[in-house]
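Take a look at the letters that make up each chain.
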Amino acid sequence: MRRVRFHAYGGPEVLRVEDAESPVPGPGELLVATEAIGVTLPCVRRVRGDGKGGGDPLPSMPGGEIAGEVVAVGPDVGGFAVGDRVTSLTFKGSYAELTLAPAVLASRIPDGASAVQAVALVRGGQVALAALSTAAPAGTESVLITGAASATGHLAVQLAKLQGVPRVVAAVGSAAKAEFLYGLGADEVVTYDQESWGEPVDIVLDGVGGELLPRALAALAEGGRLIFFNSGGGTVPAYELLAGSKTITGLTMRRFSTVHRERYERHQAQLWELAGEGRLRAAVHAELPLADAAKAHEIIEARANLGKVVLRP
């Protein structure tokens, strides 16, 4: 089979397509013949070595979202069988024709839905719904979403409006993305370089972090709350939390999907229902062959995407 690995940390140029033996599923794992692979910003950052923590030994393999057909089932796995079409998150080894996926994070793809739709909808939608449910907007509360044109952000914009949020502000790096976001229901679009992001909001969903985090915190009204779900890190002045009675809550899907399993499964069903009804659109910016993994990373690094970037083995 073909797979993508990197032997040194760096930019897209370090990604290499290689031949390898097919993996064998272990306990709790599914072996999936991939039909679509979702490229994520955390994976792009990991290839660069940003936020890698202790770091995996090199060479290493990118992780991300996959969708395809189960071709083998590991020991102690229940609820899945060979031939099932599934989507899942994998923490490494995603960029391959055959991928090991943790069964606990896998879910079936409904009949009639494509693998590309699955990777564009499920993971980004799960993050968006988890962030919104953690923030719990109520009544007249307003929401600002950073990275609003991203794979997760553009779904969060739509889901916030579907939940009745009266004012959704989309924050992006370029005004060229405004038409796309207004088309998804955003009430306002602001760019990161604007001096003002408009009237303060009650909630910020931050998918960018880094140097943008202080701006995101400053955009909150007194008593506001920020949900931090990005891999970009960042620091904030603690006094601003105190003076403005503001809060920051960190969100990771690994923990959310474990601690709030029933909610996670309910969100899954909700995403497919909304997409099937045509009320939620998972935009796909580009579909590229596996050999063009470096080009996919270039798109993400340039923040040029409107929705999901997908690799096809």
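Structural notes, computed from the coordinates. It should be emphasised that the depicted structure is a prediction, and the values quoted were computed from it without experimental measurement.

## Thoughts on the layout of surface pockets
Inference 1: If you add up the space inside the largest pocket, you get close to 1,300 Å³.
Inference 2: In this structure, the largest pocket is lined by 48 residues; those nearest its centre are Thr40, Leu41, Pro42, Cys43 and Ser231.
Inference 3: At the level of elements, helix 1 (41–48), strand 4 (64–73), strand 5 (85–90), helix 2 (115–135), helix 7 (253–259) and strand 15 (308–312) are the ones that each hand at least two residues to the lining of the largest pocket.
Inference 4: No other element matches helix 1, which puts 5 residues into the lining of the largest pocket.
Inference 5: In terms of residue class, the lining of the largest pocket is made up of 19 nonpolar, 18 polar and 11 charged.

## Re empty space enclosed by the protein
Inference 1: This structure, assessed with the given rule, holds 1 cavity of 30 Å³ or more.
Inference 2: Reported here for the largest cavity is a volume of approximately 90 Å³.
Inference 3: In this structure, the largest cavity is lined by 13 residues; those nearest its centre are Thr87, Ser88, Leu89, Val122 and Arg123.
Inference 4: Every element with two or more residues in the lining of the largest cavity is listed here: strand 5, helix 2 and helix 8 (261–276).
Inference 5: Among the elements that make up the lining of the largest cavity, the one with the highest residue count is helix 2 (5 residues).
Inference 6: Here the residues of the lining of the largest cavity are counted per class, giving 6 nonpolar, 5 polar and 2 charged.

## Section: the environment of Phe6
Inference 1: Here Phe6 is to be found in strand 1 (residues 2–6).
Inference 2: A relative accessible area of 0% means that Phe6 is categorised as buried.
Inference 3: The spatial distance from the C-alpha of Phe6 to the C-alpha of Gly250 is 29 Å, given a sequence separation of 244 residues.
Inference 4: For Phe6, the contacting residues outside a window of four places in its chain are Val14, Leu15, Arg46, Val47, Leu58, Pro59, Ser60, Met61 and Pro62.

Rules used in this analysis
Residues numbered from 1 in each chain as written. Predicted model: local features only at pLDDT ≥ 70, side-chain atom pairs only at ≥ 80, totals over all residues. Heavy atoms only, no water. 1 Å grid on protein atoms, 1.4 Å probe; cavity = no way out; pocket = protein on both sides within 12 Å on 5 of 7 lines; lining within 4 Å. Points joined across faces, edges and corners; volume = space filled by probe spheres on them. Helix = DSSP H or I, 4+ residues; strand = E, 2+ residues; numbered from the N terminus. Nonpolar A, V, L, I, M, F, W, Y, C, P; charged D, E, K, R; others polar. Buried < 20%, exposed > 50% of the residue type's maximum accessible area, 1.4 Å probe, protein only. Contact = heavy atoms within 4.5 Å.

Don't take any of this as a statement about function, it's just geometry.
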